[in-house]
Amino acid sequence: MALATEIIGGRLIDGSSLVSASKMLMSQRIGVVKRNQFLGSPVWVPPQQIRRQEQLKRAVRAPVAAISEDIIKASSKTTAPEKAVNFKVRAVVTVRNKHKEDLKETIVKQMDALTDKIGRNVVLELISGEVDPKSKEPKRSKPAALRDWSKKSNLKAERVHYTAEFTVDSNFGVPGAITVSNKHQQEFFLESITIEGFACGPVHFPCNSWIQSKKDHPGKRIIFSNKGQTKPDIKSMHFSLSSCKRGGGGGCVEPYLPSETPAGLRALREKELRDLRGDGNGVRKLSDRVYDFDVYNDLGNPDKSVNLTRPSLGGKTIPYPRRCRTGRLPMDSDITAESRVEKPIPLYVPRDEQFEESKQNTFSAGRLKAVLHNIIPSLKATISADNHDFSGFSDIDILYKEGLLLKVGLQDEIWKNLPLPKVVTRIQESSEGLLKYDTPKILSKDKFAWLRDDEFARQAVSGVNPVSIESLKVFPPKSNLDPEIYGPQESAIKEEHILGHLNGLSLSQALEENKLFIVDYHDVYLPFLERINALDGRKAYATRTLFFLTPLGTLKPIAIELSLPPAGPNSRSKRVVTPPLDATGNWIWQLAKAHVCSNDAGVHQLVNHWLRTHASLEPFILAAHRHLSAMHPIFKLLDPHMRYTLEINALARQNLINADGVIESCFTPGRYCMEISAAAYKNSWRFDKEGLPADLIRRGMAVPDPTKPHGLKLLIEDYPYAQDGLLIWSAIENWVRTYVERYYPDSSLVCNDKELQEWYSESINVGHFDLRDADWWPKLETADDLVSILTTIIWLASAQHAALNFGQYPYGGYVPNRPPLMRRLIPEENDPEYASFLADPQKYYMLALPSLLQATKFMAVVDNLSTHSPDEEYIGERQQPSIWSGDAEIVEAFYEFSAEIQQIEKEIDRRNADPSLRHRCGAGVLPYELLAPTSGPGVTCRGVPNSVSI
């Protein structure tokens, strides 16, 4: 196929070579030939006579030519060099306008329109994939300026198309790159360039990047095409479909492994990567495109207050993944800490990683900041003068029915113009606003479902955190903590606590038949409890919860263990609570479940959500930009799964996980939140166990079984997260395998791919520096290794993050269902608080939950974090789906992947209507849609975006 695509992509008819003769046979594909003979002068076929290459909605195999010996003999007789013919080609350049411009931008734009006429313009230069045999340099066109910039400067369209015209000769070859030089004062967003006029058809240069002014970045921007010229297989003169493996039709073969880079593009490929890596020095400007690593040394603010001092995460003392380096100057009070940039000033991320305008307007840069900067201060102003606590459940209901009056006062005009989220409704024109919350989905079918034990258990397998539950293999459960420090390792749960809840089974039978499951947060919380419980208004236990799998296939809780740090050798630091038999026992049981949910909310947010998706992926993304060229097939594959992640992580460092940020304010561990996250990274995070099948096996929720779909047998058949997740995992794996085998048919190609190996090595040895010596890191030596690594990364960025993120408001927006923090322990009979608990248990329960300020602040934030923006790209989708790759076979495989994702969505809908699946279907039961692939904008409790984009 290699030679076949060269034939298809030929640019002229030339009798001086074998390939030129073969092109003649394919003339019906490339244009009209004027002379009815194989030998003679080259004839350039004008673009208007060339059949336009069809869009690659479906891959089309080009006809395969058989080259006769007569043609070869005739070709070999021609030795005289032919004179090159000049011809013109046209560039169509698509620039995306901003929807809104401030005054300064408008003025500068008008100045650029004026100066464009006198030569301060945008200049392009075509670069061939071929090297000039005389100069030994890449063939280049003469520079060409974009036309009509000044005339079109006032157009309000979203996209504006400009043109430029180049003159090249017939020996130029297929263009492989374009350089862009922006002599204007202002950056612009270059979406794409298409070159028309070459016989191979349109050559596409996807860009989707900001082009900076030369005054800020003097160098030229390099944009690579998604087309290249294939090379003939001289060793064999027989061409079959199997020899066309890398060809895609229309003269395209894309992308290039480093060793296959055309000679004319090699130096540019290396230069572009050097520019993206930078030199590791200096303060980064917002316009930079430099990707580098640093530790999390910017979460605290000791210059502002000693109480805002936080330890640096990353290093020997507290291991943690690395984040994107900004290069800011150190704190005055701590030279090891990076100075803070406080909202609304943005943190640095490489320019192309920043949210696009539609994303900014609809959510994070607009809506989230509106919440953090305006609603929450208003909440503080209002609530500080009023009651701090909920007096009863009706007070919580009012938040959805009537809202919470906010004293916005002089901010009224600002309030009107804020891009507030849907959850906030402006209903008065006076100096009072009303913050009204949408009813969370958990209340939509059954207002009291959250109180029931079956719903409490159901959410362990189909709620927002379905990845903590494990099969119980050893009874009683045991801790891995040092008994010298944390007391006896053995759980206080005894056989007599649970025997009456095992449906007639003995304990040994229940264990043998895999009927017992556990959510165990004992070791996560216990090392921090003494410090947490010393915080004002924070009280927590380290919890263990045991579940029994009933004959109906549903779970029920049968015991909760509540542990505190041992106060002495004879102290009773462990307490076991079982399902109630009386009224007092019922309230104690409800408080115990609330503490479990608070533990669960903390681990969900700090470990399973933030650490295992956001933070652990950032090193892989940074290393990809630093070592994988935009030409590289693996960069092309990963590109949609890296979108917006660096920006959302930077926003989190600035507003959410920072000292006194939302996470510390709203979750029980307070200032120790990120230390808990770091401890989990050190003690339990393993990349080789982050793929879904490996994780299910690690937790004992599945066992290998080659007779079952996906090669696994689930121990709980009705485990919605695992059931649906395995469908998506399998689809991703199949797509990745098809893609990898296309470019790496031999494992030696994997081992010898310099860019690929450097990407993976740096991801581990720099990005995950503190765990670099662990023996569990997967090797990257074969195509199978690469498939496994890439499938895991794509799974984490898409489905795993979706399962853990987009149910936050639907399940947590009703605070009693998942209280993010608790303020009271459960009183014992000899405690002073026990009498007040007996006198008014509901009041005690409400006082144990978050305060009004804490609850409403948390609700406002998780509503926004659960929101899909209108520009969301879901799994099975990508920008420019038919031309993102010039490899038609890969485009075809991607459409097949998309079709499989659509079928998965239908299967999920079918499962949610199956009454035998009681964890997702039944009276008042929420369907499990968090892994349903598509969604509309807003808070929908469904949809799997390609990337960690919120």
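Just so we're clear, the structure is a prediction, and the values are computed from it rather than from any experiment.

Visitor: Can you help me understand the overall build of the chain in this one?
Guide: The secondary structure content of the chain amounts to 30 helices and 22 strands. Per-residue burial over the chain gives 60% buried out of 950 residues. The contacts in the chain between residues at least 6 apart in sequence include a share of 75% that link residues at least 24 apart. Element-wise, carbon and sulfur atoms account for 52% of the exposed surface of the chain, whose accessible area totals about 37,700 Å².

Visitor: What am I meant to see in the packing of helix 24 (residues 754–767) against helix 25 (residues 783–805) here?
Guide: Each packed pair of helices is defined by two parameters, the angle between the axes and the distance between the axes. Orientation of helix 24 relative to helix 25, taken along the N-to-C sense of each, is 55°, at an axis distance of 13 Å. One way to sum up the angle between helix 24 and helix 25 is to call them oblique. The hand of the helix 24/helix 25 crossing is left-handed. Counted together, Leu756, Trp759 and Tyr760 of helix 24 and Leu786, Ile789, Leu790 and Ile793 of helix 25 form the full contact between these two elements.

Visitor: Could you clarify how one ought to interpret the nonpolar core in this entry?
Guide: One recurring pattern in soluble globular proteins: nonpolar side chains tend to sit buried together. Formed by 188 residues in total, the largest nonpolar core has its most connected members in Tyr320, Ile469, Leu696, Tyr719, Trp735 and Trp759. Counting residues per element, this core draws most heavily on helix 16 (residues 583–627), which supplies 20 residues.

Visitor: Help me understand the layout of surface pockets, please; the structure alone is not making it clear to me.
Guide: By rolling a water-sized probe across the atoms, one finds the places where empty space is left. If you add up the space inside the second largest pocket, you get close to 1,400 Å³. Looking at the second largest pocket, it is lined by 45 residues, and the ones nearest its centre are Asn480, Asp520, Asp523, Val524 and Ser684. Counting residues per element, the ones that place at least two in the lining of the second largest pocket are strand 14 (470–471), strand 15 (516–520), helix 15 (522–532), helix 16, helix 20 (673–683) and helix 21 (692–698). Top element by residues in the lining of the second largest pocket is helix 20. It accounts for seven residues. Across the lining of the second largest pocket, the residue classes tally to 21 nonpolar, eight polar and 16 charged.

Visitor: Is there a simple way to think about the pairing of strand 8 (residues 203–211) in this case?
Guide: Consecutive residues of a regular strand have side chains that alternate between opposite faces of the sheet. Of all nine residues in strand 8, eight are buried, a share of seventy percent or more. Bridging between strand 7 (residues 188–196) and strand 8 involves seven bridges; their strand directions are antiparallel. Bridging from a neighbouring strand, Ile195 pairs with Val203 of strand 8. In textbook terms, the turn of a hairpin is the stretch between consecutive antiparallel strands, and for strand 7 and strand 8 this stretch comprises six residues, one of which, Gly197, has a positive phi near 130°.

Visitor: I tried to follow the environment of Tyr928 on my own but got confused; where do I start?
Guide: Here Tyr928 is to be found in the loop between helix 30 (888–912) and strand 22 (938–939). Considered as a pair, Tyr928 and Asn912 are 16 residues apart in the sequence and their alpha carbons are 6.6 Å apart. In contact with Tyr928, not counting residues within four places along its chain, are Ser462, Gly463, Pro466, Pro720, Tyr721, Asp724, Ala803, Ile908, Asn912 and Arg920.

Visitor: Honestly, the pattern of salt bridges in this entry has me stumped. Any pointers?
Guide: Two side chains carrying opposite charge are able to pair once their charged atoms lie near each other. Counting across every chain of the model gives 62 salt bridges. The shortest N-O distance in the salt bridge between Glu755 and Arg269 comes to 2.7 Å. One end of the pair, Glu755, is in helix 24; the other, Arg269, is in helix 6 (residues 266–277), with 486 residues separating them in the sequence. Here Glu755 and Arg269 have matching classes, each one buried. Note that Arg575 and Glu828 form a salt bridge whose closest N and O atoms lie 3.8 Å from each other. Here the residue Arg575 occupies a position in strand 18 (residues 574–577), and Glu828 occupies one in the loop between helix 26 (808–812) and helix 27 (834–839), the gap between them amounting to 253 residues. Here the salt bridges share partners, and the residues they tie into one network are Arg96, Glu158, Arg159, Glu191, Glu356, Arg643, Asp871 and Glu873.

Visitor: Help me understand the packing of aromatic side chains, please; the structure alone is not making it clear to me.
Guide: Aromatic ring pairs are reported here in terms of the distance separating the ring centres and the angle at which the planes meet. This structure, assessed with the given rule, holds 36 aromatic pairs. Note on Phe687 and Trp777: the rings are 5.9 Å apart at their centroids and 25° apart in plane angle, and the pair reads as stacked. Of this pair, Phe687 sits in the loop between helix 20 and helix 21 while Trp777 sits in the loop between helix 24 and helix 25, and the two are 90 residues apart along the sequence. With respect to class, Phe687 is no different from Trp777; both count as buried. Joined through ring pairs, the aromatic side chains of Tyr296, Tyr320, Phe620, Tyr681, Trp685, Phe687, Trp759, Tyr760, Trp776 and Trp777 make up one cluster. A cation over a ring is seen here: Arg351 above Trp210, with NZ or CZ 4.1 Å from the ring centre. The lysine or arginine in question, Arg772, covers the ring of Phe769, its NZ or CZ lying 3.7 Å from the ring centre.

Visitor: Got a minute to help me understand the environment of Leu273 in this structure?
Guide: You can see Leu273 is positioned in helix 6. Classification of Leu273 by relative accessible area gives buried; the value is 6%. Each C-alpha atom of the pair Leu273 and Glu755 lies 9.9 Å from the other, and the pair is 482 residues apart in sequence.

Visitor: What am I meant to see in the sheet that holds strand 8 here?
Guide: What links the strands of a sheet is backbone hydrogen bonding, and the strands pair in either a parallel or an antiparallel sense. Ordered by their spatial adjacency, four strands build an open sheet running 5-1-7-8, and the pairing between neighbours is antiparallel. Only two strands of the sheet have a single neighbouring strand rather than two, namely strand 5 (159–169) and strand 8. Shown here is a sheet whose adjacent strand axes are inclined to one another by a mean of 20°, direction ignored.

Visitor: Looking at this model, I keep getting lost on the sheet that holds strand 14. Mind explaining?
Guide: Taken together, five strands build an open sheet; the order of strands is 14-15-16-17-18 and the sheet is antiparallel. Where the open sheet ends on each side, the last strands, each with one partner, are strand 14 and strand 18. Direction of pairing for strand 15 relative to strand 16 (residues 542–549): antiparallel, over a ladder of five bridges. Within strand 16, the position partnered with Phe517 by the bridge is Phe547. Along the sheet, helix 11 (residues 453–462) makes contact with strand 16 and strand 17 (555–563), crossing strand 17 at roughly 85°. Where helix 15 meets the sheet, its contacts fall on strand 15, strand 16, strand 17 and strand 18, and the angle it forms with strand 16 comes to roughly 160°.

Visitor: I keep staring at the packing of helix 16 against helix 18 (residues 645–656) and nothing clicks. Help me out?
Guide: Put simply, helix 16 and helix 18 touch, their axes get as near as 10 Å, and they point 125° apart. In terms of orientation, helix 16 lies oblique with respect to helix 18. Here the hand of the crossing between helix 16 and helix 18 comes out left-handed. Residues Trp610, His614, Ala615, Glu618, Ile621 and Leu622 of helix 16 form the contact with helix 18, whose own contacting residues are Thr645, Leu646, Ile648, Asn649 and Ala652. Residues of the contact of helix 16 with helix 18, tallied by class, amount to seven nonpolar, three polar and one charged.

Visitor: What is the right way to look at empty space enclosed by the protein in this model?
Guide: Counting across every chain of the model gives 13 cavities of 30 Å³ or more. Taken as a whole, the largest cavity spans an internal volume of roughly 930 Å³. As for the largest cavity, its lining consists of 39 residues, of which Cys207, Asn208, Ser209, Phe635 and Asp639 are closest to the centre. The set of elements that each furnish at least two residues to the lining of the largest cavity consists of strand 8, strand 9 (221–224), helix 6, helix 16 and helix 17 (633–638). Per-element tally for the lining of the largest cavity: the top contributor is strand 8, with five residues. Across the lining of the largest cavity, the residue classes break down as 19 nonpolar, eight polar and twelve charged. If you add up the space inside the second largest cavity, you get close to 270 Å³. Secondary structure elements with two or more residues in the lining of the second largest cavity: helix 11 and helix 16. At six residues, the largest contribution of residues to the lining of the second largest cavity is made by helix 16.

Visitor: It is not clear to me how the confidence of the model for the chain should be interpreted in this structure. Could you clarify?
Guide: Low-confidence regions, as indicated by low pLDDT, have predicted coordinates that should not be scrutinised in detail. Scored by pLDDT, the chain comes out at a mean of 85, with 82% of its residues at no less than 70. Here residues 1–79 scores under 50 on pLDDT; set against residues more than four positions off or in separate chains, the count is 167 contacts. Confidence drops under pLDDT 50 across residues 423–431; counting only partners more than four residues distant or on other chains, this segment forms 25 contacts.

Visitor: Please clarify how a nonpolar patch on the surface should be interpreted in this entry.
Guide: Residues Leu103, Ile107 and Met111 make up a contiguous nonpolar surface patch of roughly 320 Å² in combined accessible area. Here Met111 is to be found in helix 5 (residues 103–115).

Visitor: Any chance you could explain the state of the cysteines here in plain terms?
Guide: Two cysteines whose sulfur atoms are joined by a covalent bond form what is called a disulfide. With the rule as written, the count across this model stands at zero disulfides. For Cys666, which is in no disulfide, the shortest distance to another cysteine sulfur is to Cys673 and amounts to 9.5 Å. Taking relative accessible area as the criterion, Cys666 reaches 1% and is therefore assigned buried.

What counts and how
- Residues numbered from 1 in each chain as written.
- Predicted model: local features only at pLDDT ≥ 70, side-chain atom pairs only at ≥ 80, totals over all residues.
- Heavy atoms only, no water.
- Helix = DSSP H or I, 4+ residues; strand = E, 2+ residues; numbered from the N terminus.
- Buried < 20%, exposed > 50% of the residue type's maximum accessible area, 1.4 Å probe, protein only.
- Contact = heavy atoms within 4.5 Å.
- Areas by Shrake-Rupley, 256 points an atom, 1.4 Å probe, with all protein chains shown as cover.
- Axes fitted to C-alpha atoms, helices over the stretch in contact; angles between N-to-C directions.
- Parallel < 35°, antiparallel > 145°, perpendicular 65-115°, else oblique.
- Left-handed = near helix turned anticlockwise from the far one by under 90°.
- Core = buried A, V, L, I, M, F, W, Y, C linked by side-chain atoms within 4.5 Å.
- 1 Å grid on protein atoms, 1.4 Å probe; cavity = no way out; pocket = protein on both sides within 12 Å on 5 of 7 lines; lining within 4 Å.
- Points joined across faces, edges and corners; volume = space filled by probe spheres on them.
- Nonpolar A, V, L, I, M, F, W, Y, C, P; charged D, E, K, R; others polar.
- Pairing = 2+ DSSP bridges.
- Salt bridge = Lys/Arg side-chain N within 4 Å of Asp/Glu carboxyl O.
- Phe/Tyr/Trp six-rings, centres within 6.5 Å; stacked < 30°, edge-to-face > 60°.
- Lys NZ or Arg CZ within 6 Å of the ring centre and 35° of its normal.
- pLDDT = per-residue confidence, 0-100.
- Patch = residues over 30% accessible without salt bridge, like charges linked within 9 Å, V, L, I, M, F, W, Y side chains within 5 Å.
- Disulfide = S-S within 2.5 Å.

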